Amino acid sequence: MLGAAYAGGLTALLTGDPAAALARAEAGLDAAPGPDAGSPGRLRCLLVRVFAYTALGERERAREEAERLRALCLALGERWALSYFDYQLALVHLGGGRAQPALRYARAALESKRAIEDSFGTALCLDLLAATLSAAGQAERAARMSGIAESFWATSGHPQRGTPELAPLRERYEALARGALGDERWELARRAGRRTDAREALYSWLDGPD
């Protein structure tokens, strides 16, 4: 039941229906009650619920839930769900105009993605990281990260995508960085990101100073 609720909730998120995603996740959680750490299926449904809160504009509720579940994942040593709770916290802070905490959480999400070698998740987090760098005034670095993200999307076998609420943030902060750099410098920096070895470039950044 939890697996079906997660699959249905995820499909609803990706097709732009967070209310349906929330309903399916909660139905699964109600049908299989237990502690949050009771099963991987339960944790996945809780993750869908946090995604749905964010997409529905309930940012404070999403933040509180994600922080609580993030602490649980750290206590358990669980990295996959942790990476997505960090991703959601970055998204919530970016949506609230708080660039620095968004950067910290985006970086933490990418650290977990590196540990579990999740190319699709890495590409998703890099899109968000590029937006947070732009919001933090690091326009050239944002353009390079956008290029690196494009390379990761190619290696994952998927076109650039994500849940629908990321798209307007991606567009907004790409426009901000383009405006700061000018179209020519933006394209040059993005092409430079695409030409580098994506993993080597990303890991070098993660291992460097903040």
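Residues numbered from 1 in each chain as written. Predicted model: local features only at pLDDT ≥ 70, side-chain atom pairs only at ≥ 80, totals over all residues. Heavy atoms only, no water.

A.B. asks: I'm lost on unusual backbone geometry in this one. Help?
C.D. replies: The phi angle of most residues is negative, glycine excepted, and most peptide bonds adopt the trans form. Even without a glycine there, the phi angle at Glu117 is positive, about 55 degrees. Overall, Glu117 belongs to the exposed group, its relative accessible area being 68%. (Buried < 20%, exposed > 50% of the residue type's maximum accessible area, 1.4 Å probe, protein only.)

A.B. asks: When you look at helix H5 (residues 80-95) in this model, what are you seeing that I'm missing?
C.D. replies: Structural remark: α-helix, 3.6 residues per turn; residues separated by three or four positions point the same way. In this model H5 runs 23 Å from its N-terminal to its C-terminal C-alpha over 16 residues, within 8% of the 22 Å that 1.5 Å per residue would give. The buried fraction of H5 is high, at 15 of 16 residues. Of the residues flanking the end of H5, it is Gly97, one or two places downstream, whose phi is positive at about 80 degrees. (Helix = DSSP H or I, 4+ residues; strand = E, 2+ residues; numbered from the N terminus. Expected span 1.5 Å × (residues − 1).)

A.B. asks: Explanation requested: the packing of aromatic side chains in the structure shown.
C.D. replies: The relative placement of two aromatic rings is captured by the distance of their centres and the angle of their planes. For the coordinates displayed, the defined rule picks out 5 aromatic pairs. Between Tyr84 and Tyr87, the aromatic rings sit 6.5 Å apart at their centres with planes inclined by 75 degrees, giving edge-to-face as the arrangement. Of this pair, Tyr84 and Tyr87 both sit in helix H5, separated by 3 residues, roughly a single helical turn. Per residue, the accessibility class of Tyr84 equals that of Tyr87, and both read buried. Arranged with centres 5.4 Å apart and planes meeting at 85 degrees, the rings of Phe120 and Trp153 form a pair that is edge-to-face. Of this pair, Phe120 sits in helix H7 (residues 119-135) while Trp153 sits in helix H8 (residues 139-156), and the two are 33 residues apart along the sequence. (Phe/Tyr/Trp six-rings, centres within 6.5 Å; stacked < 30°, edge-to-face > 60°.)

A.B. asks: For this particular structure, what's the right way to read the pattern of salt bridges?
C.D. replies: Opposite charge on two side chains lets them pair, provided their charged atoms get close. All told, the structure shown has 16 salt bridges when counted by the stated rule. For Glu150, the salt bridge goes to Arg190, with nearest N and O atoms at 2.9 Å. Here Glu150, found in helix H8, pairs with Arg190, found in helix H10 (residues 183-195); they are 40 residues apart in sequence, far enough to count as distant. A cluster of three or more residues bridged by salt bridges with shared partners is formed by Asp36, Arg49, Glu65 and Arg68. (Salt bridge = Lys/Arg side-chain N within 4 Å of Asp/Glu carboxyl O.)

Geometric descriptors of this kind do not, in isolation, establish any biological role.
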